[in-house]
Amino acid sequence: MGSGFARQKSVRLQKRRMKQEVLTYPIPWHLVCTLRSRGTEQMVMGNQTNVSYFILSGVSSDPQLQPFLFVVFLFIYLVTVVGNGAIRVVIRADPHFHTPMYFFLFHLSLFDICYSSVTVPKMLQNLLEEKKTIYLHGCIAQMSLLLFVGGTEVFILSAMAYDQYAAMCDPLRYLGTMNKELCIQLKGGAWVMGTFYSLTNAAPALHLHFCGHNEVHNFNSELPSLLEVSCTETFTSKMAFLTSTMISGLTSISITLVSYICIISSILRIRSAKGRGKAFSTCISHITVVVLYYGAGLFRYLRPTPASSVVLDRLFSIQYSILTPMLNPIIYSLRNKEVKAALGNILQKMKGT
């Protein structure tokens with residue numbers, strides 16, 4: 001018994017020495033700070049309820065103005081769907097329009113309809129309801145679709161600019177350059193870039209936590225608006241968004257700018273003023289669309305934070321996600337006599353039947 005008691009006593013002494021060593025071991029100060037900050041963040045999240053839905057502030061908070069806004073945006077949405085749908089019908093029905101330029105215009109019209117359809121129906125619903133809500137999963141889905149459609153559309157516009165360059169600067173080899181295989185590859189590349197842009201930003205956003213404040217100061221679920229209401233660290237999401245936007249934006253803008261620099265230099269070499277005017281009129285529609293889309297989008301996303309404004313953010317979001325899809329078919333059809341003539345023929349056939 002004496003030996004057993006001595007053994008137990010020695011074990012207790014060893015445990016006491018180990019505890020003293022642990023207590024006296026110096027813990028790095030940065031680790032202490034990290035543990036404290038994480039503990040504070042967990043306490044804050046623990047004291048607040050996780051958000052399951054968001055409240056969209058909408059275009060205006062004035063209840064008397066909302067019926068008028070409902071009529072305005074409903075009209076815009078109908079014009080967008082009917083106008084872009086008509087262009088797609090004309091291009092598909094008339095073999096005369098089975099060319100590279102109209103091939104890209106056909107897909108641009110599809111994405112204009114998608115861009116407006118992702119945002120406007122929910123906006124119209126909220127304009128009629130007192131509580132303007134969107135569930136968290138619906139918010140993430142809307143954000144991902146907006147990123148995909150916007151990221152794809154910029155590269156379709158770049159493909160259209162390259163098509164203009166091939167037609168204006170090398171017309172003799174145009175049909176060989178812009179063959180069917182290349183058009184499909186450019187369209188597929190635009191889809192791939194749009195998918196990459198969406199996934200790159202949606203993946204970090206899925207790890208964000210939302211608690212407490214749940215009012216989004218916008219009429220849709222754009223990523224910058226969601227980052228403002230997150231109660232956790234958003235540095236990763238902001239860096240992913242900034243990096244992917246810079247890569248996609250600079251790549252597509254570079255292709256468009258280089259193409260139009262070559263086009264303008266080629267036009268300036270034309271001797272007759274009539275020839276220069278005719279050549280310039282062929283690409284003015286696309287230049288107008290590019291300026292409207294890129295101008296509003298870049299100002300909305302790449303504007304410095306101190307210069308941000310809720311009203312300006314809403315206006316520019318409306319410009320590139322609602323107004324530009326409506327204006328695209330008007331711009332392309334009003335300046336194109338062939339499209340107007342083909343559309344008139346289709347309407348006459350419909351009346352005859």
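Values in this document were obtained by computation on a predicted structure and should not be read as measured data.

## Topic: the packing of helix H5 (residues 136-169) against helix H9 (residues 235-268)
No. 1: The geometry of H5 relative to H9 is characterised by a closest axis approach of 9 Å and an angle of 20° between their N-to-C directions. Classified by the interaxial angle, the pair formed by H5 and H9 is roughly parallel. In this structure, H5 crosses over H9, and the sense of that crossing is left-handed. From H5, Leu147, Val154, Phe155, Ser158, Ala161, Tyr162, Gln164, Tyr165, Met168 and Cys169 reach across to H9, where they touch Phe241, Ser248, Thr251, Ser252, Ile255, Thr256, Ser259, Tyr260, Cys262, Ile263, Ser266 and Ile267.
No. 2: Here the residues of the contact of H5 with H9 are counted per class, giving 14 nonpolar, eight polar and no charged.

## Description of the nonpolar core
No. 1: Counting residues in each nonpolar core, the largest one holds 36 residues, and the members touching the most others are Ile91, Phe97, Leu105, Leu108, Leu157 and Met160.
No. 2: Filtering out sequence-adjacent residues up to four positions away, Met160 remains in contact with Phe104, Leu105, Leu108, His286 and Tyr332.
No. 3: Counting residues in each nonpolar core, the second largest holds 19 residues, with Leu147, Leu208, Val216 and Phe241 among its members.

## Some thoughts on the sheet that holds strand S3 (residues 215-216)
No. 1: Strand order across the open sheet formed by three strands is S2-S1-S3, with mixed pairing between neighbours. The open sheet is flanked by strand S2 (133-135) and S3, the only strands paired with a single partner.
No. 2: As judged from the three bridges shared by strand S1 (residues 53-56) and S2, these two strands associate in the antiparallel manner. Within S2, the residue paired with Ile55 across the bridge is Thr133.
No. 3: Lying over the sheet, H5 contacts S1 and S2, oriented at roughly 85° with respect to S2.

## Considering the packing of aromatic side chains
Centre distance and the angle of the planes are the two values used to describe a pair of aromatic rings.
No. 1: On inspection of all chains with the given rule, the structure shows ten aromatic pairs.
No. 2: Residues Phe97 and Tyr102 carry aromatic rings whose centres are separated by 4.7 Å and whose planes lie at 70° to one another, so their mutual orientation is edge-to-face.
No. 3: What makes Tyr102 buried here is its relative accessible area of 5%.
No. 4: Between Tyr115 and Tyr293 the ring centres are 6.4 Å apart and the planes differ by 65°, which places this aromatic pair in the edge-to-face class. In this pair, Tyr115 sits in helix H4 (residues 100-128) while Tyr293 sits in helix H11 (residues 284-301), placing the two residues 178 residues apart along the sequence.
No. 5: On the accessibility criterion, Tyr115 (4% relative accessible area) is buried.
No. 6: Joined through ring pairs, the aromatic side chains of Tyr115, Tyr293, Tyr294 and Tyr320 make up one cluster.

## Notes on the packing of helix H7 (residues 180-205) against H9
When two helices pack together, their arrangement is given by the angle between the helix axes and the distance between those axes.
No. 1: Look at H7 against H9: their axes get within 8 Å of each other, and the N-to-C directions meet at 170°. Compared by their axis directions, H7 and H9 come out roughly antiparallel. Where H7 abuts H9, its residues Met193, Tyr197, Thr200, Asn201, Pro204 and Ala205 lie against Thr236, Ser237, Ala240, Phe241, Ser244, Thr245 and Ser248.
No. 2: Looking at side-chain class alone, the contact of H7 with H9 contains six nonpolar, seven polar and no charged residues.

## Points about the environment of Leu323
No. 1: Positionally, Leu323 belongs in helix H12 (residues 310-334).
No. 2: Considered as a pair, Leu323 and Ser116 are 207 residues apart in the sequence and their alpha carbons are 8.7 Å apart.
No. 3: With sequence-adjacent residues up to four places away left out, Leu323 is seen in contact with Ile76 and Ile318.

## Quick notes on the confidence of the model for the chain
Segments scoring low in pLDDT should not have their predicted coordinates read at a detailed level.
No. 1: Scored by pLDDT, the chain has a mean of 82; 83% of the residues are at 70 or more.
No. 2: When mean pLDDT is taken per element in the chain, H7 scores highest with 95 and helix H2 (residues 29-47) scores lowest with 40.

## Considerations on the side chain of Asp112
No. 1: Relative to the helices and strands, Asp112 resides in helix H4.
No. 2: Among buried Asp, Glu, Lys and Arg side chains, Asp112 stands out as unpaired, with Arg88 the closest opposite charge at 9.6 Å.
No. 3: In this structure Asp112 touches Thr80, Asn84, Glu153, Pro325 and Asn328, once residues within four positions along its chain are discounted.

## Digging into the pattern of salt bridges
No. 1: Applying the stated criterion to the full structure yields one salt bridge.
No. 2: Arg173 is paired through a salt bridge with Asp170; the nearest N and O atoms lie 3.0 Å apart.
No. 3: We classify Arg173 as exposed; its relative accessible area is 58%.

## Structural notes on the side chain of Glu222
No. 1: One can find Glu222 in the loop between S3 and helix H8 (223-228).
No. 2: For Glu222, a relative accessible area of 3% corresponds to the buried category.
No. 3: There is a polar contact of 3.1 Å between the side chain of Glu222 and the side chain of Ser317.

Calculation criteria
- Residues numbered from 1 in each chain as written.
- Predicted model: local features only at pLDDT ≥ 70, side-chain atom pairs only at ≥ 80, totals over all residues.
- Heavy atoms only, no water.
- Axes fitted to C-alpha atoms, helices over the stretch in contact; angles between N-to-C directions.
- Helix = DSSP H or I, 4+ residues; strand = E, 2+ residues; numbered from the N terminus.
- Parallel < 35°, antiparallel > 145°, perpendicular 65-115°, else oblique.
- Left-handed = near helix turned anticlockwise from the far one by under 90°.
- Contact = heavy atoms within 4.5 Å.
- Nonpolar A, V, L, I, M, F, W, Y, C, P; charged D, E, K, R; others polar.
- Core = buried A, V, L, I, M, F, W, Y, C linked by side-chain atoms within 4.5 Å.
- Buried < 20%, exposed > 50% of the residue type's maximum accessible area, 1.4 Å probe, protein only.
- Pairing = 2+ DSSP bridges.
- Phe/Tyr/Trp six-rings, centres within 6.5 Å; stacked < 30°, edge-to-face > 60°.
- pLDDT = per-residue confidence, 0-100.
- Lys, Arg positive; Asp, Glu negative; His and termini not counted.
- Salt bridge = Lys/Arg side-chain N within 4 Å of Asp/Glu carboxyl O.
- Polar contact = N/O pair within 3.5 Å; in protein donor to acceptor, adjacent residues only side chain to side chain.

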